Amino acid sequence: MVNSHTGFTGSMVALITPMDSVGQIDKASLKRLVDYHIANGTSAIVSVGTTGECATLKHDEHVDVVLTTLELADGRIPVIAGTGANATAEAISLTRSFENTGVAGCLSVTPYYNRPSQEGLYLHYKAIAENTDLPQILYNVPSRTGCDLLPPTVARLAKLKNIVAIKEATGNLSRVSQIQELVNDENFILLSGDDANFVDFMQLGGKGVISVTANVAAAKIAQMCELAAQGEFLKARNLNTRLMELHHQLFVEPSPTPVKWACRQLELIADDTLRLPMIPLTQEGQISVGKAMKMAGLL
């Protein structure tokens, strides 16, 4: 497999989906977010991934948010569509919605709740890959989905021509070397899904991060990725130390509740509305996140 998708590197934001006070998509705030990331060095936008509340958007809304993000980006930054689902047919349908639209690729989370076997996971992703020409990024986050895409299965999937990368969000740094040893392709891209340790992940051979924290600290995450890519890991870690409390507090309540609240404090979005069953950040959570934002130099 020849992989030319070197754009899937650096600081890639897992973008929130802004909503107005009645829960409708807020396109004015979405434009503000896209412009913010372009101005602050983010290398790509992941639209309507799990941080983008894919679980509470209807299919047509999901597609509309990605296409609106693509339109607002206007070729200035790659846009990757979140296309994961726990039914393979639905994941294929979502993926096909973005054929010939200009999206750079798709991020597909492992099927959640139904806890498929490794063979089930392989066949799920194989079916998606066979139904599209779009580059596919696997997404493994067992803490949210209830299933773990293991390195031997990743290695099998990496042989398929348009499966080009994985977002690894177990937080287990040993996965980097395990995947590298089994995937016989130096072009297969490993991306961290864990803000707290992504610098270490990159030192072990990862190429970047798909970041929640970048929603509010875009320039800082981009700078750390650039330093890490240049081998300046000590400088990158020193910068990350100041953000460490923020990384943790952005998950003090179920994501994306804290990061939406933080975006509103920075006036990046007009409202931090979520849809049920997600609820607004508690007073206690606001104090914790606000304190972490001050420590990070954002407020």
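As the structure is a computational prediction, the values presented were derived from the model and not from experiment.

**Q** Explain the UniProt feature "site: Part of a proton relay during catalysis" (unreviewed entry) in the chain to me, using residue names and the numbers behind them.
**A** Under the feature "site: Part of a proton relay during catalysis" (unreviewed entry), the UniProt entry names Thr50 and Tyr113. Sequence-wise these annotated residues cover 64 residues; spatially they are packed, their C-alpha atoms never more than 14.1 Å apart. Residues from the annotated list that form part of the lining of the largest cavity: Thr50. Take Thr50: it is sitting in the loop between β2 (44-47) and α2 (59-73). By secondary structure assignment, the location of Tyr113 is in the loop between β4 (105-109) and α4 (118-130).

**Q** Could you give me a rundown of the side chain of His124, with the residues and numbers involved?
**A** Take His124: it is sitting in helix α4. Setting aside residues up to four positions removed in sequence, His124 forms contacts with Ala85, Ala87, Thr88, Ala91 and Pro111.

**Q** Quick rundown of the UniProt feature "site: L-lysine inhibitor binding" (unreviewed entry) in the chain? Include the residues and the values.
**A** With numbering matched to this structure, UniProt assigns "site: L-lysine inhibitor binding" (unreviewed entry) to Ala55, Asn86, Glu90 and Tyr112. In terms of the greatest pairwise C-alpha distance, the residues named above, spread along 58 residues, form a tight cluster of at most 12.7 Å across. Here, the second largest pocket is lined by Ala55 and Tyr112 out of the annotated residues. Positionally, Ala55 belongs in the loop between β2 and α2. Residue Ala55 is classed as exposed on the basis of its relative accessible area of 72%. With residues up to four places along the chain from it excluded, the contact list for Tyr112 reads Ala85, Asn86 and Thr145.

**Q** Explain the sheet that holds strand β5 (residues 136-140) residue by residue, including any values.
**A** Read around the closed barrel, eight strands run β1-β2-β3-β4-β5-β6-β7-β8, paired in parallel fashion. The average angle at which neighbouring strand axes cross in this sheet is 25°, direction not considered. Taken together, the three bridges between β2 and strand β3 (residues 79-82) define a ladder with parallel strand orientation. Looking at the pairing, Val46 lines up with Ile80 of β3.

**Q** Run through the state of the cysteines, naming residues and quoting values.
**A** Inspection of the entire model under this criterion finds zero disulfides. Looking at the unpaired Cys106, the closest cysteine sulfur is the one in Cys54, lying at 13 Å.

**Q** Give a description of the packing of α4 against helix α6 (residues 151-158) that names residues and reports values.
**A** Here α4 crosses α6 at 25°, and the two axes come no closer than 10 Å. On the basis of the axis angle, α4 is roughly parallel to α6. Relative to α6, the crossing made by α4 is right-handed. Counted together, Gln118, Glu119, Tyr122, Tyr125 and Lys126 of α4 and Thr153, Arg156 and Leu157 of α6 form the full contact between these two elements.

Scoring rules and cut-offs
- Note that residues are indexed from 1 along each chain, following the sequence as it is written.
- Given that this is a predicted model, residues contribute local features only at a pLDDT of at least 70 and side-chain atom pairs are listed and counted only at 80 or more, while totals for whole chains, interfaces and linings are drawn from all residues.
- Values reported for side chains reflect all heavy atoms of the structure, with hydrogen atoms and water molecules removed beforehand.
- UniProt positions are given in the numbering used here, feature names are shortened, and annotations may be inferred rather than shown by experiment.
- Cavity: a set of points on a 1 Å grid over the protein atoms alone where a 1.4 Å probe fits but cannot get out. Pocket: an open set with protein on both sides within 12 Å along at least five of seven lines, its lining residues, like those of a cavity, having an atom within 4 Å of a point.
- Under the scheme used here, helices are H or I runs from DSSP no shorter than 4 residues and strands are E runs no shorter than 2 residues, and both carry numbers assigned from the N terminus.
- What makes two residues a contact is simply this: any of their non-hydrogen atoms within 4.5 Å.
- Exposure classes here rest on a 1.4 Å probe applied to the protein chains alone. A residue is buried below 20% of its type maximum, exposed above 50%, and partly exposed in between.
- Two strands are said to pair when DSSP picks up at least two bridges between them.
- Helix axes use the C-alpha atoms of the stretch in contact, all axes being lines fitted to C-alpha atoms, and the angles between their N-to-C directions lie in the range 0 to 180 degrees.
- Here, the term disulfide refers to a pair of cysteine sulfur atoms separated by no more than 2.5 Å.
- Angles are sorted into four bins: roughly parallel if under 35 degrees, roughly antiparallel if over 145, roughly perpendicular if 65 to 115, and oblique for all others.
- Left-handed describes a crossing whose near helix is turned anticlockwise from the far helix by less than a right angle; the clockwise case is right-handed.

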